[in-house]
Amino acid sequence: MELEKLKAYADRMREPAIQTLLSKDDVYQTACEAERKAEQKYISLDLTDHERRICDSLLRSLDARWMEYASDSYLAGWSDALTMFRNL
């Protein structure tokens, strides 16, 4: 199976499990609240359309990179678990 298909499948499997964990994670919930507050401050900034597009582009790029990191971390965790299982 090619890597992109494997990642897509892993993302579908991961989503319900991670949502359950994140909903119970106080540190994550605190970070989400801080992000919401920062977003409200960002929205209230007096930026030109051009400045806002630049900031939005940066935020989209960061978000995409972290999503890839999360997907790859999930796959690496499975790989590590399989390796440990084989070495028992």
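Residues numbered from 1 in each chain as written. Predicted model: local features only at pLDDT ≥ 70, side-chain atom pairs only at ≥ 80, totals over all residues. Heavy atoms only, no water.

A. Broad picture of a nonpolar patch on the surface. A cluster of nonpolar residues, L58, L59, L62, W66 and Y69, forms a patch on the protein surface that exposes about 530 Å² of accessible area. Position of Y69 among the secondary structure elements: in helix 3 (residues 49-86). In this structure Y69 comes out as exposed when scored by relative accessible area, which is 53%. (Patch = residues over 30% accessible without salt bridge, like charges linked within 9 Å, V, L, I, M, F, W, Y side chains within 5 Å. Areas by Shrake-Rupley, 256 points an atom, 1.4 Å probe, with all protein chains shown as cover. Salt bridge = Lys/Arg side-chain N within 4 Å of Asp/Glu carboxyl O. Helix = DSSP H or I, 4+ residues; strand = E, 2+ residues; numbered from the N terminus. Buried < 20%, exposed > 50% of the residue type's maximum accessible area, 1.4 Å probe, protein only.)

B. Molecular detail of the packing of aromatic side chains. Tallied over the entire structure, the rule returns 2 aromatic pairs. Measuring from centroid to centroid gives 5.2 Å for W66 and Y69, while their planes differ by 70 degrees, and the two rings are edge-to-face. Taken together, the residues span about one helical turn, with W66 and Y69 both in helix 3 at a distance of 3 residues. Pairing Y74 with W78 gives two aromatic rings, centres 6.4 Å apart and planes at 75 degrees, and the pair type is edge-to-face. Of this pair, Y74 and W78 are both found in helix 3, 4 residues apart, which corresponds to roughly one turn of the helix. For W78, a relative accessible area of 44% translates into the label partly exposed. (Phe/Tyr/Trp six-rings, centres within 6.5 Å; stacked < 30°, edge-to-face > 60°.)

By themselves, these observations are geometric and do not establish any function.
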